[in-house]
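Summary of structural features
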Amino acid sequence: MSKLYLVPDRKDMERMCRLAEAYDCAFEYNDFYMPEVMDDIDRQEQIIADYGRYRDSFTQDTMHGAFLDVTIHSSDPLIRDASMLRVRQTMDIARRMGLKGIVFHTGRLAGFRTAGYLADWRKRNAEFFTQIAMEYPEQQIYMENMFDEAPDILAGLAEQMRSVKNFGVCLDYAHAMLTGCSGQEWIGTLAPYIRHIHINDNDLVNDLHLPVGGGRVDFQEFDRLIGQYQIEASVLVEVKGYEAQQRSLEYMKQHGIYPMNAKENDSALTK
C-alpha cells in the first residue's frame, strides 16, 4: 500500500500519473466537496469517468469530503441537517468509487472554548460519525484539524471514538504550524490516533499551500517527531499542480522527510 498521496489534476493526468508512478503515490481527489458537484450526479459521473481513464482501480485512493460550512455540531437543526446531508453525499460518492478513505474537517470555531460548545461539538460529532462509520464500513473516515488552535479537543473526540475501527485523525501539519502550539504538542497529543497526514508549506502566518520546503515549516522537526512517536500513517502532499508536487517530492527525497528516506525512490523523475 502506498504511503504517499498527491492531489490529481484532471487536465494534466498523463504527467500526474507518471509522477505518481515514479514515487509510488496514490491520489486524493479534491473534486467532489463543492455543493454544485454534490448536487449533480451527472457531473460526478463525468469526473469519475475522467479519472477512470487513467485508473484501473480507486481502492487505494482517498478524497476530501464536504467541509465548507459543514457544522455537524450546530445547535440549529436546519444547519445540522444540511451538514449531515453533505457528509452523506460525500460518503455515497466514495462508496461508488470504492475509495479507501475520506477526509472531513472539525468545523469548530477556532478559539471558542466554552464548556457547552465543546461538549456539544464532541457529543454530536461522535454520535454522527460513529453512525457513518457503521453505515460505510469499507471506508476510512479521517477527521482533520482545520484552524483548531490546539490539539486537545480533536484528541478528545478521537479517544471517545477509539473503538470505531474505521475512524481516525488526519493531522494537517501546515494548519498546526499556524497555531501557538508546537509540533511536539500536536504530534505528541494526537499520536495514538493519527492515520493520515496532510503536508504543505507556509510562512507560519497564513495557510498558503506552498510546495514542501518552500516556506518556513520545519520539516526536519516534523520527520523527527514522526519517528519519535513511531507513527505509521499515509501522507498527502497537499499542493496543486505538477510542478509544485514534483518540487515537494524532490525536497522530501533529498532531505529524507517521512515517509521517504534518502535511499528510497531512486527512480523518481528529475525533469
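Structural data are supplied above this passage.
The rules behind each value
- Residues numbered from 1 in each chain as written.
- Predicted model: local features only at pLDDT ≥ 70, side-chain atom pairs only at ≥ 80, totals over all residues.
- Heavy atoms only, no water.
- Buried < 20%, exposed > 50% of the residue type's maximum accessible area, 1.4 Å probe, protein only.
- Helix = DSSP H or I, 4+ residues; strand = E, 2+ residues; numbered from the N terminus.
- Pairing = 2+ DSSP bridges.
- Right-handed = clockwise from strand over helix to strand, strands pointing away.
- Axes fitted to C-alpha atoms, helices over the stretch in contact; angles between N-to-C directions.
- Contact = heavy atoms within 4.5 Å.
- Expected span 1.5 Å × (residues − 1).
- Polar contact = N/O pair within 3.5 Å; in protein donor to acceptor, adjacent residues only side chain to side chain.

This part takes up the pairing of strand β8 (residues 234–237). Neither face of β8 is left uncovered, since the one carrying S234 and L236 and the one carrying V235 and V237 both have all their residues buried. Bridge analysis of strand β1 (residues 4–6) against β8 gives three bridges, and the strand direction is parallel. Along β8, the bridge assignment pairs L6 with V237. Pairing between strand β7 (residues 194–199) and β8: four bridges, direction parallel. For I199, the partnering residue across the bridge sits in β8 and is V237. Assessed by its sense of winding, the connection that carries the chain from β7 through helix α9 (residues 219–228) to β8 is right-handed.

We now examine the sheet that holds strand β3 (residues 62–64). In spatial order, the strands read β1-β2-β3-β4-β5-β6-β7-β8; together these eight strands close into a barrel with parallel pairing. The average undirected angle you get between the axes of adjacent strands in this sheet is 30°. Bridge count between strand β2 (residues 25–29) and β3: two bridges; the pairing is parallel. Following the sheet pairing, Y29 is matched in β3 by M63. Of the strands in this sheet, β1, β7 and β8 touch helix α10 (residues 242–255), which is tilted by about 160° from β1.

Further remarks concern helix α4 (residues 77–97). Since the α-helix advances by 3.6 residues per turn, residues separated by three or four positions end up pointing in the same direction. Here α4 is 21 residues long and its end C-alpha atoms lie 30 Å apart, about the 30 Å a rise of 1.5 Å per residue gives. For α4, the full list of buried residues reads R80, S83, R86, V87, Q89, T90, M91, I93, A94 and M97. Between the side-chain oxygen at the start of α4 and the backbone nitrogen of L78 there is a gap of 2.9 Å, and the oxygen is on D76. Backbone geometry just downstream of α4 places G98 in the positive-phi region, at approximately 75°.

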